Amino acid sequence: MFFSFVRLIVRLLILTLNGRYKVQGKENLPIDDNYILIAPHRSWIDPVYLVLAASPKQFSFMAKKELFKNPLFKWLITKMNAFPVDRKNPGPSAIKTPVKILKETDLGLVIFPTGTRHSTELKGGAVTIAKMSKKPIVPVVYHGPYTFKDLLKRQKATVRFGEPFIVEPKIEGIKDITAYYSEKIQDAFISLDYEDHK
């Protein structure tokens, strides 16, 4: 209820500040199964647009543990289904918690496998979570304003969903499954980005 309420407020705010945004490939989102949205992390605003574009689906999020130090902000992001992760020393819970959420709730999961903004190196945790949860990965990219200043300039915003795929535990002829799927995710990002330049 809280998640839906906040999303409604944010949607109205985004529409007021930046106008309508374009959503492409929404038909690729699984209807009868939970799923993982995987996107390159380019700005603080991309998770906002991803959650708006995938509505009415609700999601959980990994958030660095430092964000939970402020009691008020901790309350807010916890209500928004975020859970803390120690990025410097990720323990077993960094995998177990999202896997449990995907298996036992209707909440999807938003993951930025590069870990930090502007990074291009994919982290293996996203592939591991998908493999253990047996839930499909949906690659997605966001193009649009990356700063609040750009948002006020009413720059065009687009969210583009790719085709979902399952992470298989074994593939004949493939020795490193994590590397194989990391490359598959990166290729999906490149392909979805390329659509913006056609």
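Here is what the cut-offs are and how they apply
- Residues numbered from 1 in each chain as written.
- Predicted model: local features only at pLDDT ≥ 70, side-chain atom pairs only at ≥ 80, totals over all residues.
- Heavy atoms only, no water.
- Helix = DSSP H or I, 4+ residues; strand = E, 2+ residues; numbered from the N terminus.
- Rg over C-alpha atoms; globule rule 2.2 N^0.38 Å.
- Buried < 20%, exposed > 50% of the residue type's maximum accessible area, 1.4 Å probe, protein only.
- Areas by Shrake-Rupley, 256 points an atom, 1.4 Å probe, with all protein chains shown as cover.
- Lys, Arg positive; Asp, Glu negative; His and termini not counted.
- Charge placed at Lys NZ, Arg CZ, Asp CG, Glu CD.
- Pairing = 2+ DSSP bridges.
- Phe/Tyr/Trp six-rings, centres within 6.5 Å; stacked < 30°, edge-to-face > 60°.
- Lys NZ or Arg CZ within 6 Å of the ring centre and 35° of its normal.
- Arc of directions from axis to C-beta.
- Contact = heavy atoms within 4.5 Å.
- Salt bridge = Lys/Arg side-chain N within 4 Å of Asp/Glu carboxyl O.

**Q** Can you help me understand the overall build of the chain in this one?
**A** Summing up its helical and strand segments, the chain has seven helices and seven strands in all. What you see in the chain, going N to C, is helices and strands ordered as α-β-β-α-β-α-β-α-β-α-β-α-β-α. Computed over its C-alpha atoms, the radius of gyration of the chain comes to 16 Å, within 12% of the 16 Å expected for a compact globule of 198 residues. Along the first, second and third principal axes, the C-alpha set of the chain runs to 50 × 45 × 35 Å. Considering the chain as a whole, with its 198 residues, one finds that 45% of them fall into the buried category. Counting only carbon and sulfur atoms, one obtains 57% of the accessible surface of the chain, whose full area is about 11300 Å². The distance from the centre of the 31 positive side-chain charges to the centre of the 19 negative ones in the chain is 8 Å.

**Q** Sorry, what's going on with the pairing of strand β6 (residues 137-143) here?
**A** Of all seven residues in β6, seven are buried; the element is thus mostly enclosed. Here β6 shows two buried faces, one formed by Ile 137, Pro 139, Val 141 and His 143 and the other by Val 138, Val 140 and Tyr 142. Bridge analysis of strand β2 (residues 36-38) against β6 gives three bridges, and the strand direction is parallel. What sits directly across from Ile 38, in β6, is Pro 139. Summarising the sheet, β6 and strand β7 (residues 158-161) pair through four bridges and their orientation is antiparallel. Looking at the pairing, Val 140 lines up with Phe 161 of β7.

**Q** Which parts of the structure should I look at to understand the packing of aromatic side chains?
**A** A ring pair, where both rings are aromatic, is described by two values, the distance of the centres and the angle of the planes. Taken as a whole, this structure holds seven aromatic pairs when the rule is applied. Between Tyr 49 and Tyr 142, the ring centres sit 4.9 Å apart and the planes meet at 20°, which makes this aromatic pair stacked. Here Tyr 49 is found in helix α2 (residues 46-53), whereas its partner Tyr 142 is found in strand β6, with 93 residues between them in sequence. Taken as a pair, Tyr 49 and Tyr 142 share a single burial class, namely buried. Aromatic side chains Tyr 180 and Tyr 181 sit 4.9 Å apart centroid to centroid with 85° between the ring planes, which places their arrangement in the edge-to-face category. Note on Tyr 180: relative accessible area 33%, which makes it partly exposed. Following the ring pairs from residue to residue traces out a cluster consisting of Tyr 21, Tyr 49, Tyr 142 and Tyr 146. Residue placement shows Lys 184 over the ring face of Phe 165; its charged tip is 4.9 Å from the ring centre.

**Q** What should I look at first to understand helix α5 (residues 125-133) in this one?
**A** For an α-helix the count is 3.6 residues per turn, leaving residues at separations of three or four pointing the same way. Residues Ala 126, Val 127, Ile 129, Ala 130 and Ser 133 constitute the buried set of α5. Mapping the buried residues of α5 onto a view down its axis gives an arc of 160°, with all of them on the same face. Here the buried face of α5 lies against β2, β3 (59-64), α4 (93-104), β5 (108-111), β6 and α7 (177-195). Lys 134 sits one or two residues past α5 and shows a positive phi near 60°.

**Q** Teacher, can you tell me more about the pattern of salt bridges here?
**A** When the charged atoms of two side chains lie near each other, side chains of opposite charge can form a pair. Taken as a whole, this structure holds four salt bridges when the rule is applied. Across the salt bridge formed by Asp 86 and Lys 65, the nearest N and O atoms sit 3.2 Å from each other. Of this pair, Asp 86 sits in the loop between β4 (82-85) and α4 while Lys 65 sits in the loop between β3 and α3 (71-79), and the two are 21 residues apart along the sequence. The class of Lys 65 is partly exposed, set by a relative accessible area of 39%. Note that Lys 153 is salt-bridged to Asp 150, the shortest N-O span being 4.0 Å.

None of this, on its own, says anything about what the molecule does.
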